[in-house]
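# Architecture at a glance
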Amino acid sequence: AGAGIYGNSSSPIISGCVISSNSGAGIDNYYYSSPVIRDCVVSHNSPGGGIVNRRLCSPTISHCSITDNSSAGDGGGIHNARNSSPTITDCTIARNSAADDGGGMYSYDYSSASSINCTFVGNVAIDSGGAIYNDLCGPSFIHCTITGNSALYDGGGVRNDVGSYPQAPPTFINCVIWSNSPSVQISPNAWYSATVFSSIVQGGFVRGSNIITVDP
């Protein structure tokens, strides 16, 4: 599978490890794999990115540094696809890059990740979604900081595919989304794109409540 660690229908505990410089993904989870990944450094893995979750995987990722990984496609730091919904807590997702979308994290096809107390900084997408790209899914972000990320085309901070999941769009609660480039922090700035509560968002956002537009 070309990964540092590959799991197929498995759920190991991966604790206190450095997973670095692999040719492929750092960790590749496939088909009902739900490992516990904690206190790990996942870095400099290419061209498969940092952590890949494919097909009904729900790993628990906590206190990890996911940095300096690159993907030849989508999701430089973390890639979630086909109903894979990780819980990501107290992690730093930084300086990752994607040749397509989602420099920090890419989620697709009903993959609704939960990110809590995470920092997305310095990630780059050659296409859209410098930090985060969501397509056909409704992930949640709670107490997260999304800053200093960039995309060549759209959504320097966050890009949500237009109308991709109107039943439950991405949700941001108590987050800071600031100084990402291009300047539209959550794109598109439209009611169907996301819901934002009690957050600091540069330029504001059209849907939500208690949105602060003052530089933190």
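In what follows, the structure referred to is the one given above.
Source: prediction; values computed, not measured.

The full count for this structure, using the stated rule, is six aromatic pairs. Between Y106 and Y133, the aromatic rings sit 5.5 Å apart at their centres with planes inclined by 20 degrees, giving stacked as the arrangement. Residue Y106 is found in strand 15 (residues 105-108), and its partner Y133 is found in strand 19 (residues 132-135); the two are separated by 27 residues along the sequence. Of the two residues, Y106 and Y133, both sit in the buried class. Taking 4.9 Å as the distance between ring centres and 10 degrees as the angle between the ring planes, the aromatic pair formed by F141 and F172 counts as stacked. Taken as a pair, F141 in strand 20 (residues 140-142) and F172 in strand 24 (residues 171-173) lie far apart in primary sequence, 31 residues in all. Judged on exposure class, the residue F141 and its partner F172 are both buried.

Turning our eyes to something else, we now look at the pairing of strand 7 (residues 46-54). Note: strand 4 (residues 23-30) against strand 7, seven bridges, orientation parallel. Bridge pairing in strand 7 places D28 opposite V52.

Attention now moves to the sheet that holds strand 6 (residues 41-43). On the basis of which strands lie adjacent, the open sheet formed by eight strands has the order 3-6-9-13-17-21-25-28 and parallel pairing. Single-partner strands in this sheet number two, and they are strand 3 (18-20) and strand 28 (200-201). Bridging between strand 25 (residues 176-178) and strand 28 involves two bridges; their strand directions are parallel. Among the inter-strand pairings, V176 is bridged to a residue of strand 28, identified as I200.

What counts and what doesn't
- Positions within a chain are numbered from 1, following the residues in the order the chain's sequence is written.
- This being a predicted model, a pLDDT of at least 70 is required before a residue's local features are given, and a value of 80 or more before pairs of side-chain atoms are given or counted; all residues contribute to the totals for chains, interfaces and linings.
- Excluded from the side-chain calculations are hydrogens and water; all other atoms, namely the structure's heavy atoms, are used.
- Any two of the Phe, Tyr and Trp rings considered here, Trp counted by its six-membered ring, make a pair once their centres fall within 6.5 Å; the pair's planes then place it as stacked at under 30 degrees, edge-to-face at over 60, or tilted in between.
- A helix here means a DSSP run of H or I that spans at least four residues, while a strand means a run of E at least two residues long, and both kinds are numbered starting from the N terminus.
- For every residue, the accessible area (1.4 Å probe, protein chains only) is compared with the maximum for its type, and the residue is labelled buried under 20%, exposed over 50%, or partly exposed between those bounds.
- DSSP bridges decide pairing: two strands pair if at least two such bridges lie between them.

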